[in-house]
Amino acid sequence: MSAPRLELRQLRKRFDGLDVLADISLTVRPGEFVSILGPSGCGKSTIFKLLTGALQTDGGEVLFDGTPLEDGRRPFAFMPQRDALMPWRRIIDNTTLGLEVQGLSRSQAREKVAPLFAEFGLDGFERHYPAQLSGGMRQRAALLRTVVQQRDMLLLDEPFSALDALTRAGMQRWLQAMWERHRWTALLITHDVREAVFLSDRIYVLTERPARVLDEITVSLPHPRTDLASPEASAIEARLLQTLLNPQP
Amino acid sequence: MSAPRLELRQLRKRFDGLDVLADISLTVRPGEFVSILGPSGCGKSTIFKLLTGALQTDGGEVLFDGTPLEDGRRPFAFMPQRDALMPWRRIIDNTTLGLEVQGLSRSQAREKVAPLFAEFGLDGFERHYPAQLSGGMRQRAALLRTVVQQRDMLLLDEPFSALDALTRAGMQRWLQAMWERHRWTALLITHDVREAVFLSDRIYVLTERPARVLDEITVSLPHPRTDLASPEASAIEARLLQTLLNPQP
Amino acid sequence: MLSVGTLVVAWELYARFSGISAIMLPAPSRVIGQALEHRQALFDNTLPTIRATVFGFGCSLTAAFVFSVLVDFSGRLRRALFPVFIISQTLPLVAIAPLVVLWFGFGLAPKIMLVALVTFFPMLVALVQGYAATDDDIQSLLASMGASRVRVFLLARLPSSLPYFFAGLRISITYAVVGAIFAEYAGAAKGLGIYILNAKNNFRPGLVLAAVLVCATLTLVLFGITVLIQRVAMPWERLDQGRRR
Amino acid sequence: MLSVGTLVVAWELYARFSGISAIMLPAPSRVIGQALEHRQALFDNTLPTIRATVFGFGCSLTAAFVFSVLVDFSGRLRRALFPVFIISQTLPLVAIAPLVVLWFGFGLAPKIMLVALVTFFPMLVALVQGYAATDDDIQSLLASMGASRVRVFLLARLPSSLPYFFAGLRISITYAVVGAIFAEYAGAAKGLGIYILNAKNNFRPGLVLAAVLVCATLTLVLFGITVLIQRVAMPWERLDQGRRR
Amino acid sequence: GLKPVTIALDWTPNTNHIGLHVAQAKGFYANAGVDVEILPYSDTSAGALVASRVADFGILSSLGLFTQRTAGADLVATYAIMQTETGRLVFNADRTDIKSPRDLDGLTYGGFGSAWENALIGSIIRHDGGKGEYETVTLGTSAYEALANGAVDFTLEVYTWEGVKAELDGRPQRAFRYADFGVPDQHSNFIGSSEAYLKENPEAASGFVTATRRGYEFAVDHPDEAAEILIAANKDVLTDHKLIRASLQALIDGHYFRSKEGAVGRIDPAKIDAIGTYLFDAGVLKDGDGKKVEERPDFSTYFTNDFQTA
Ligand SMILES: Nc1ncnc2c1ncn2[C@@H]1O[C@H](COP(=O)(O)OP(=O)(O)OP(=O)(O)O)[C@@H](O)[C@H]1O
Ligand SMILES: Nc1ncnc2c1ncn2[C@@H]1O[C@H](COP(=O)(O)OP(=O)(O)OP(=O)(O)O)[C@@H](O)[C@H]1O
Ligand SMILES: Cc1ncc(C[n+]2csc(CCO)c2C)c(N)n1
Ligand SMILES: [Mg+2]
Ligand SMILES: [Mg+2]
């Protein structure tokens, strides 16, 4: 078993008077795809904010490749829950943002991103502004912006919540293919149990706020997963739904 | 068969150079719950924007209770896809917004809304600002703001997309109960096929952009629906998924 | 604050040891000495200035608000009024002030007018730009609720304009005092402006700067008040507890 | 535009038929006549004013930008500099302008300084408030991408400040011309300010207003330029095709 | 009841105004049946205030009277405050390069912005054989600081105010008097009104003017008490008591208020005609449209002594 890429140890966070994260410990190994499921408002996005440095922890440790995550080091490609597209940048320029930050020239970055527009169902909208896109299109643009960064690790906060079944399935398949090709390490927040089962090696289930880890489920189905109707998949889905609907710690 | 409450006749809309709605005709009868399913970016939210007057149609007619929808008349309680919460108002004041617009005093409006906070999983957050809420909590606040308005008709644009299975099921049950009690007329945009089947009397499936009506499915299951594992429900679900995944007009 | 102290000390040293004449640059110690010595006169002359500033700024705020609303509600009014307002801003005070005395005499009125003239436009621009910054989704939502334009204005456009309003307020409040002093300089029985002119024509540079000192203090106080008001008026802007910076 | 025309006609009629003396209010026809008659002198005196305005405003913009950046990056600098800037704004021009002219002579330098003094603070406040208006989500996102503070500033804070910047620009540009005229008034060989002063001291109200007219035109042109620049600089603000109003 | 009368000033309060305050404090105005309000100084010329009937009377500079009246303003001088010119051309005493007015050619003049200054200085220099070409920087009230500072080479001053102050400060100055270089002597300033006002209120006018003259006479006779009155009436303004006393003494000693012949307030028709002709010849006088007047105006209509009674 390889050393964890990301390790959270007894992470705690409170907003004045409100305990949000009580005690979150989890690990993600290199190349692993891990999902987090949990009730709305329990603190999932807060975990990501702690990881990306937008918020400060009130206790606990975050280790990345065995060393504490320092301020300067940002090994994550992060997709926030609200898309955070820049209203003043065209879609193409929003999607190249991470690459530009990494130092690529605008034209290099565009070259890298442009071929993906079709795949993300955004072709023809390169020169639109975010305000001219539908909710789902914005979400796909935000996802595109995230994955092209090719960081050590992906942090995805509900990347498919605004997508219809067809588009969602397409994006999920694409993500899985990419993940298999590049062996990205990924941490995904989702509400969709089936999505979690489809994509993950392991799934953490969190309790209500203040959040703790309620359950950890390993999904040992072979990749690529196409048949979610298999009895194993259904069993895991059922167990997850059971845990979520009747949370008993 | 009663006269339609809402009737769209050959609605068309284009954004410079981009045909979005090609020809949308649909009806909603009084007390009926109708859902719209369709690929991301096909123009579902645009339909709502035409109904609420945020955009102007490029052709076609909108009839409400048999007469064209005029400018002044706004018979809808509308929940936009992006929550549109006012950052400067506390959650309680965001949820009372529609009532205040209807002319209720602030205290009256609060009285009406306050009891629902628990049901919506928002109690304790009355005096928080939107920026202090999680994505799902914001969505629930937006839904709460919509349903308390008690208008002739509900327009809900993906009201549950940011919610986990448990919370979502709870909200759906609550909505169904309310709908049965008050016999609201409702038009719902959703990506979730199961949700559509659970809640709707009828479901319209739209094509890709430029959008037309691809299919119209009547869900004649008894209310209240608790058992979605029933063969009829599964059959409808399967047919919907089939239509969505292989759209052949 | 330290930086201000440093500046004052440097000035004192320069004034003392550079051999510069007190006519050009009186030392701060001397200025403060003179200020204390003539505190009664300074006080008496500060009151009218405060009055002109406060009334003038009050009128200007009121007018800016009223016109911003009118202009927001009617595109036609906007096209009609804006050029007039812009032109009013382009008139150099030095040329207008003498005429204002001719038209309105020597009382408080012309001072109020000039203060209002100076501060009206920044407030108007700030408000109008602020209204325009309102989120479209929020406005559509309100419209869907059947909110009248007035309601949409009150519930969405007005709150949205607050940050712009306060940016404008900070700018205008400093101009308000300067404007009042200028108005008095152009003619007044009492007030810091005329005090400065008198001190100058009586060859008292120390007193000139003493009055400037009072004026600066006054402005600082008013500025501080606007900052406090902003704190109170926009509580949702002070939420980022726990955020890094 | 029509409204401006109406005002001018009303003024003309009032000046002609109310029997008011030309000392109090010369008719516009007379003002324009005088302006045409003295166009050469007006033109000669406008050039130095334009120069002072443009250079002064340029310096002020540059300084405001530089300091807004410094102040944005360092809280310590902010605390050190802001009081000094605020105080600089509280000094009444009427008292300061003569001193500046005495210190820096009668050339372009003191005018540039005074124009900068008048316009610096609005621009600074606008920029600083604009930076503060940046969306937190966008900033966190950039930080998560490993963007340095400089990158965050360039990619997020700066574009976010644009609407505030332009609000500030509209205000300052009108003050810039007025400030230049005022600076000349305090001491100069040539310029619209001096022209106004001369006309006034030679009891020529018509010429005073002719110079005011030139000054107003100049300001309007500059104002128009800022509006155009805003159009070009913020294309995403002009999207709402098809929207109702 | 007393008839209210307003008077507008030409400059911030100074010793030139002493007679008004004395007449006020000593009750001369009340005795004459007028209730006088001395208006605050303003940037608007007293001539404009009087001609537009904002003020009943005003202190008019000689230049203001001649130019504004010629341009059509309703102004009449009713009282001469100064019997002789108080102005002079000054420069710092250490300017050894300036020996006579012709040396001013090419130097920098710190001026106040009137056409008359140029005519005056130019004619002084030319009278002395120079070309009359020099640089002008318009400074207004900062001219004296600029002179002390060396920023300008020369300026004009009111001897009995700025000149006296320089003496008190020990800043030696030298000066050229206009009359020594071909400029006719003149009354530096007047108290004037409008014909319209004088016609409507002859009694109040003569009461006011006559009482004012009593005020100036009293000031000449009782300088100490008069200085006290002036200071008391302007206590925030006139903080340099030494300057007030010295200035008043200079005004008395120089026979500015009361001429050697004993005249107080009387306007000398010869002086008016002389300076008027000088200004006309110099091309300073313009009509209402800004055109040089072609015909020499009748200067005898510019003033009247009729309101100085008893
Ligand atoms: N203001 C606008 N200007 C130009 N195009 C626009 C504008 N608003 C929407 N569109 C386009 O209209 C199309 C439909 O948008 P709409 O928001 O209705 O989609 P949707 O069906 O709600 O999608 P989703 O499920 O992703 O929310 C999109 O292609 C979008 O780019
Ligand atoms: N800035 C803040 N100030 C105060 N409370 C906050 C703040 N940010 C988040 N919270 C609280 O922290 C809790 C967790 O929020 P978080 O966004 O992490 O939830 P989540 O698990 O992502 O929920 P969702 O699935 O609805 O997105 C919520 O109760 C929220 O109100
Ligand atoms: C007390 C006093 N009154 C007026 C002036 C203005 N002034 C400056 S030069 C000049 C004319 C000199 O002939 C005049 C009237 C002054 N400086 N001091
Ligand atoms: Mg979340
Ligand atoms: Mg949508």
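Residues numbered from 1 in each chain as written. Chains lettered and ligands numbered in written order. Predicted model: local features only at pLDDT ≥ 70, side-chain atom pairs only at ≥ 80, totals over all residues. Heavy atoms only, no water.

A.B. asks: Sorry if this is basic, but what is going on with the coordination of the magnesium ion (ligand 4) here?
C.D. replies: Under perfect tetrahedral coordination by four donors, a metal shows angles of 109.5 degrees; under perfect octahedral coordination by six donors, it shows angles of 90 or 180 degrees. All names here are of chain A. Only S45 (OG) and Q81 (OE1) from the protein coordinate the magnesium ion (ligand 4), and they sit 1.9 to 2.1 Å from it. Note that S45 is positioned in helix α1 (residues 44-52) and Q81 in the loop between β6 (76-79) and α2 (91-95), a separation of 36 residues in sequence. When its relative accessible area of 16% is taken as the criterion, S45 is described as buried. (Donors = N, O, S within 2.8 Å, 3.2 Å for Na, K, Ca; no water. Helix = DSSP H or I, 4+ residues; strand = E, 2+ residues; numbered from the N terminus. Buried < 20%, exposed > 50% of the residue type's maximum accessible area, 1.4 Å probe, protein only.)

A.B. asks: Sorry if this is basic, but what is going on with the relation of the copies chain C and chain D here?
C.D. replies: Two copies of one chain are present, and they are related through a rotation about an axis combined with an axial shift. Between chain C and chain D, which share one sequence, the superposing operator has a rotation angle of 180° and an axial displacement of 0.1 Å; the RMSD is 0.3 Å. Overall, the copies show the geometry of a two-fold rotation axis. When each C-alpha of chain C is compared by its distance to the rotation axis, Y164(C) comes out closest, at 3.6 Å. Take the interface residues of chain C: 100% of them recur as interface residues in chain D, which is what a same-surface contact looks like. (Least-squares fit on C-alpha atoms with pLDDT ≥ 70 in both. Contact = heavy atoms within 4.5 Å.)

A.B. asks: In this structure, what is going on with unusual backbone geometry? I would like to understand it.
C.D. replies: A cis geometry characterises the amide bond from R209(A) onward to P210(A), with omega recorded as -10°. If you trace the backbone, P210(A) turns up in the loop between β9 (202-206) and β10 (211-218). For D65(B), which is not glycine, the phi torsion reads 50° and is therefore positive. According to the relative accessible area criterion, D65(B) is partly exposed, its value standing at 39%. The backbone phi angle of R53(E) is positive, close to 65°, even though this residue is not glycine. When you line up the elements, R53(E) lands in the loop between α3 (46-51) and β3 (57-61). Judged by its relative accessible area of 36%, R53(E) falls in the partly exposed class.

A.B. asks: What am I meant to see in the site of ligand 1 here?
C.D. replies: Taken together, 23 residues form the shell around ligand 1, and within it S134(A), G136(A), K44(B), S45(B) and T46(B) come nearest. Surrounding ligand 1 are residues belonging to chains A, B and D, so the site spans chains. G136(A) places a main-chain nitrogen or oxygen 2.6 Å from an oxygen atom of ligand 1. Here R209(B) contributes a side-chain N or O atom positioned 2.7 Å from an oxygen atom of ligand 1. Computed on the free molecule, ligand 1 has an accessible area of 640 Å², of which 98% lies beneath the protein chains in the complex. Taken together, the elements giving at least two residues each to the shell around ligand 1 come down to α6 (135-147) of chain A together with β2 (18-28) and α1 (44-52) of chain B. Residues belonging to the shell around ligand 1 are distributed by class as follows: seven nonpolar, 12 polar and four charged. (Near = heavy atom within 4 Å. Polar contact = N/O pair within 3.5 Å; in protein donor to acceptor, adjacent residues only side chain to side chain. Areas by Shrake-Rupley, 256 points an atom, 1.4 Å probe, with all protein chains shown as cover. Nonpolar A, V, L, I, M, F, W, Y, C, P; charged D, E, K, R; others polar.)

A.B. asks: I would appreciate a short explanation of the interface of chain A and chain D in the present structure.
C.D. replies: By convention, interface size is frequently given as the accessible area that disappears when the constituent parts associate. The interface of chain A with chain D comprises 23 residues on the first partner and 19 residues on the second. When chain A packs against chain D, close to 1,900 Å² is buried across both sides, 68% of that on carbon and sulfur atoms. By the criterion of area lost to chain D, the three top residues of chain A are W88(A), V101(A) and Y129(A), representing 34% of everything that side buries. At the boundary of chain A with chain D, the tally comes to two residue pairs in polar contact (both at pLDDT 80 or more). Mapped by element, the contributors of at least two residues to the side of chain A that touches chain D are β6 and α3 (97-101) of chain A. Per-element accounting of the side of chain A that touches chain D gives the leading share, four residues, to α3(A). Across the side of chain A that touches chain D, the residue classes break down as 13 nonpolar, four polar and six charged. (Buried area = accessible area lost by both parts, 1.4 Å probe.)

A.B. asks: Would you take a moment to explain the packing of helix α10 (residues 205-233) of chain C against helix α4 (residues 75-90) of chain D for this structure?
C.D. replies: Packed helices, taken two at a time, are described by their axes: the angle between them and the distance between them. Between α10(C) and α4(D), whose axes approach to 8 Å, the crossing angle comes to 120°. It follows from the interaxial angle that α10(C) and α4(D) lie oblique. Seen from above, α10(C) lies across α4(D) with right-handed handedness. For the pair α10(C) and α4(D), contact is made by C215(C), A216(C), T219(C), L220(C) and F223(C) and by I86(D), I87(D) and T90(D), respectively. Residue classes in the contact of α10(C) with α4(D) are distributed as six nonpolar, two polar and no charged. (Axes fitted to C-alpha atoms, helices over the stretch in contact; angles between N-to-C directions. Parallel < 35°, antiparallel > 145°, perpendicular 65-115°, else oblique. Left-handed = near helix turned anticlockwise from the far one by under 90°.)

A.B. asks: Would you explain the packing of aromatic side chains in this entry?
C.D. replies: By convention here, two paired aromatic rings are described through the distance between centres and the angle between planes. All chains considered together, the criterion is met by 42 aromatic pairs over all chains. Relative to F78(A), the ring of F48(A) has its centre 6.1 Å away and its plane inclined at 80°; by these criteria the two rings are edge-to-face. Linking F48(A) in helix α1 with F78(A) in strand β6, this pair joins segments that are 30 residues apart in sequence. Side by side, F48(A) and F78(A) carry an identical accessibility label, which is buried. Put simply, the rings of Y29(E), F57(E), Y197(E) and F208(E) touch in pairs and so form one group of aromatic residues. Sitting above the plane of the F28(E) ring, R214(E) keeps its charged end 4.1 Å from the centroid. (Phe/Tyr/Trp six-rings, centres within 6.5 Å; stacked < 30°, edge-to-face > 60°. Lys NZ or Arg CZ within 6 Å of the ring centre and 35° of its normal.)

A.B. asks: Please clarify how the domain arrangement of chain A should be interpreted in this entry.
C.D. replies: Residues and elements named next belong to chain A. Annotation of chain A at the domain level lists domain 1 (6-75 + 152-245) and domain 2 (87-150). Taking only C-alpha atoms into account, the centre of domain 1 sits 24 Å from that of domain 2. Facing 15 residues of domain 1, the contacting portion of domain 2 comprises 11 residues. The contact between domain 1 and domain 2 buries some 1,100 Å² in all, and 73% of this surface belongs to carbon and sulfur atoms. Per-residue buried area on domain 1 facing domain 2 is highest for M171, W174 and W184; these three make up 43% of the total on that side. Counting the contacts that link domain 1 with domain 2 gives zero salt bridges. For the interface between domain 1 and domain 2, the tally reads four residue pairs in polar contact (both at pLDDT 80 or more). Those elements that place two or more of their residues in the side of domain 1 that touches domain 2 are β7 (153-157) and α7 (165-182). Top contributing element to the side of domain 1 that touches domain 2 by residue count: α7, with five residues. Here the residues of the side of domain 1 that touches domain 2 are counted per class, giving 10 nonpolar, three polar and two charged. (Domains from an automatic or database assignment. Salt bridge = Lys/Arg side-chain N within 4 Å of Asp/Glu carboxyl O.)

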